[in-house]
Amino acid sequence: MTNYYEKELETMPRAILEKLQLERLKTTVEYVYKNCNFYSKKMDEAGIKPTDIKSLSDLKNLPFTTKQDLRDNYPFGAFSAQKSDIVRVHASSGTTGKLTVAGYTQNDVDIWATVMARSLAACGCSHSSVINVAYGYGLFTGGLGAHYGSELLGALTIPASSGNSKRQLQLFKDLGVTTLCCTPSYALYLADEMQNEGYSASDFNLKQGVFGAEPWTEEMREQIQNKLGLKAYNIYGLSEIIGPGVSVECEYQCGSHIWEDHFLPEIINPETLEQAGYGQQGELVFTTISKTGMPLIRYRTRDLCSLTNEPCKCGRTHVSMTKVVGRSDDMLIIRGVNVFPSQIESALFTVKGIEPHYQIIVDRVNNLDTTEIQVEIEDKLFSDEVKNLQKLKSQLEKNVSNAISVGVKINFVSRGTIERSQGKAVRVIDKRRI
Ligand code: DLL
């Protein structure tokens, strides 16, 4: 049976939902125009006033907000609330290392707990769950986001944070943990530790995992489910919008429902910036319509996916997004070909005996791009005959090269060689100086 936290809001008829969205959009646009110079200036430059928003389709006339805008207005310039009304900040560093700060009023912290409680419920959790939060606590939103949602749901909440994996496993066993919240790469790390410590999945009572904060493939989902003996759900979010809990999978797992009464999604073509239709892949853009600390108008996430409004068997009426296939700024251009790490990951896992730990190393030798993929393999394969290993290597090189249309070299390494991450995994090392 489908499990909800706020059934009425989650399953509300589209017409009523859209009416609510329009009211909230108007209020938010008026609010940021009045309270945030950054937005009033942007809107004046674009020649648009809050009163011009008459229908949801007017959203497309509003200017975009980018991460660079947030950096340019660091630390408080994009806040609409007074600093004295901000009760919390989180921050993310991104690839360039320059911080962006997100500010939350009490209203925002409450909304966040609610959307996280809804998300955990969609994954089958309830007040009788025992939820181990192994996302990092701190400026990263994963830990505190899952924590507040879990408590609001009334579940027994373990603020384990990431790291100290042996202790985590002991907690699983002693406290009867039912739910693991962490990055998919840390879930795999814990699965390895479980094996090293002589546990098997049947020693635990794990029912579901709520994994996100980084892209992961269906193949990785399968590995995690098999190793940990749980059902793995995808959860998505970003600090600028609220943190985890922007969208989540329900039990039918055909995309992640976006909590649309708080976050208005759009897909745009990142080149032309035109809106794209349902089913078309492009860049995900969000407008927050209920937050008051740092509401964002048409924030460009850089995440690539598509949206669907196909009705879901769970009864939720909020549109779904597909898994994020990559970020427009994570896309590698190798010998002129666009390559996403997720394509490589999918191709690697088509072969048996491959461990889900890999690293892609791109370099430039004599003006030509080279791609080496270091992949961990099962110990028993290493003791195999050399000719079998060679065959496996050639097979993988062929699979990956076909998948991305660029030649690659595979190098097998033994288990444990590739540095493990307790947060987001580092999949790509680009040594090219371009
Ligand atoms: O990663 C928030 C989060 C915490 C989400 C825990 C889920 C679970 P940031 O550190 O600001 O926030 O990073 C946001 O991470 O724009 C995506 O590129 C990526 N990301 C987050 N969730 C997923 C996911 C948190 N499920 C950035 N699949 C986003 C793919 C994801 N990428």
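No experiment lies behind these values; they were computed from the predicted model shown. (Residues numbered from 1 in each chain as written. Predicted model: local features only at pLDDT ≥ 70, side-chain atom pairs only at ≥ 80, totals over all residues. Heavy atoms only, no water.)

(A) Representation of unusual backbone geometry. The omega angle of the peptide bond from Y74 to P75 is -5 degrees, so this bond is cis rather than trans. Despite not being glycine, L273 shows a phi value in the positive range, around 65 degrees. Among the secondary structure elements, L273 is positioned in the loop between strand 10 (263-268) and strand 11 (282-288). For L273, a relative accessible area of 32% gives the class partly exposed. (Helix = DSSP H or I, 4+ residues; strand = E, 2+ residues; numbered from the N terminus. Buried < 20%, exposed > 50% of the residue type's maximum accessible area, 1.4 Å probe, protein only.)

(B) Inspection of the domain arrangement of the protein at higher detail. Examined at the domain level, the protein breaks down into domain 1 (1-325) and domain 2 (332-430). A separation of 30 Å is found between the C-alpha centroids of domain 1 and domain 2. Between domain 1 and domain 2, a total of about 1,600 Å² is buried, with carbon and sulfur atoms accounting for 50% of that surface. Linking domain 1 with domain 2 are three salt bridges, by the criterion used here. The partner of D192 in a salt bridge is R420, with the nearest N and O atoms 3.5 Å apart. On the surface where domain 1 and domain 2 come into contact, there are 12 residue pairs in polar contact (both at pLDDT 80 or more). Every element with two or more residues in the side of domain 1 that touches domain 2 is listed here: helix 8 (184-196) and helix 9 (218-228). (Domains from an automatic or database assignment. Buried area = accessible area lost by both parts, 1.4 Å probe. Salt bridge = Lys/Arg side-chain N within 4 Å of Asp/Glu carboxyl O. Polar contact = N/O pair within 3.5 Å; in protein donor to acceptor, adjacent residues only side chain to side chain.)

(C) A nonpolar patch on the surface, seen in detail. A cluster of nonpolar side chains, contributed by F76, V89 and L139, occupies part of the molecular surface with about 240 Å² of accessible area. Note on placement: L139 falls in the loop between strand 3 (130-133) and helix 6 (141-153). With relative accessibility at 47%, the residue L139 sits in the partly exposed group. (Patch = residues over 30% accessible without salt bridge, like charges linked within 9 Å, V, L, I, M, F, W, Y side chains within 5 Å. Areas by Shrake-Rupley, 256 points an atom, 1.4 Å probe, with all protein chains shown as cover.)

(D) The arrangement of the state of the cysteines in detail. Counted under the stated rule, the structure contains zero disulfides. With no disulfide partner, C254 has as its closest neighbouring cysteine sulfur the one in C312, 4.3 Å distant. According to the relative accessible area criterion, C254 is partly exposed, its value standing at 48%. Just so you know, C314 is unpaired, no disulfide at all, and the nearest cysteine sulfur is the one on C312, 3.5 Å from it. (Disulfide = S-S within 2.5 Å.)

(E) Looking closely at the site of the ligand. Around the ligand, 20 residues are found, and the nearest of them are N234, I235, S239, D303 and K424. One of the backbone N or O atoms of P215 is found 3.5 Å from a nitrogen atom in the ligand. At a separation of 2.4 Å, an oxygen atom of the ligand approaches a polar side-chain atom of S239. If the ligand stood free it would expose 600 Å²; the protein chains cover 93% of that surface. (Near = heavy atom within 4 Å.)

(F) Summary view of the packing of helix 7 (residues 165-175) against helix 8. At a minimum axis separation of 10 Å, helix 7 and helix 8 run at an interaxial angle of 80 degrees. In terms of orientation, helix 7 and helix 8 fall into the roughly perpendicular class. On the side of helix 7, the interface is formed by S165, K166, Q168, L169 and F172, while helix 8 contributes Y186, Y189, L190, E193 and M194. Residues belonging to the contact of helix 7 with helix 8 are distributed by class as follows: six nonpolar, two polar and two charged. (Axes fitted to C-alpha atoms, helices over the stretch in contact; angles between N-to-C directions. Parallel < 35°, antiparallel > 145°, perpendicular 65-115°, else oblique. Contact = heavy atoms within 4.5 Å. Nonpolar A, V, L, I, M, F, W, Y, C, P; charged D, E, K, R; others polar.)

(G) Spotlight on the pairing of strand 3. By the alternation rule, side chains of strand 3 split into V130 and N132 and I131 and V133, which are all buried. Bridge analysis of strand 3 against strand 4 (residues 156-158) gives three bridges, and the strand direction is parallel. Across the sheet, the residue bridging to N132 is I158, located in strand 4. The β-α-β motif built from strand 3, the intervening helix 6 and the parallel element strand 4 has right-handed crossover chirality. As paired strands, strand 3 and strand 5 (residues 179-182) are joined by three bridges and run parallel to one another. Looking across to strand 5, one finds that N132 is bridged to L180. (Pairing = 2+ DSSP bridges. Right-handed = clockwise from strand over helix to strand, strands pointing away.)

(H) How the structure looks around empty space enclosed by the protein. The final tally for this structure, using the stated rule, is one cavity of 30 Å³ or more. Here the largest cavity is characterised by a volume of approximately 50 Å³. Together, L70, N73, Y74, P75, G77, A78, T100, V101 and M294 line the largest cavity. Residues of the lining of the largest cavity, tallied by class, amount to six nonpolar, three polar and no charged. (1 Å grid on protein atoms, 1.4 Å probe; cavity = no way out; pocket = protein on both sides within 12 Å on 5 of 7 lines; lining within 4 Å. Points joined across faces, edges and corners; volume = space filled by probe spheres on them.)

(I) Spotlight on the pairing of strand 6 (residues 208-212). Counting buried positions along strand 6 yields five of five residues, so the element is predominantly enclosed. Of the two faces of strand 6, the one holding Q208, V210 and G212 and the one holding G209 and F211 are both buried throughout. Bridge count between strand 5 and strand 6: four bridges; the pairing is parallel. Residue pairing across strands places C181 opposite V210, the latter belonging to strand 6.

(J) Quick peek at the sheet that holds strand 10. Taking strand neighbours across the sheet as the criterion, the four strands line up as 10-11-12-15 in an open arrangement whose pairing is antiparallel. Edge positions in the open sheet fall to strand 10 and strand 15 (326-327), since each of these has one partner strand only. Where strand 12 (residues 299-305) meets strand 15, two bridges bridge the pair, whose relative direction is antiparallel. When the sheet's bridge partners are listed, L304 is paired in strand 15 with G326.

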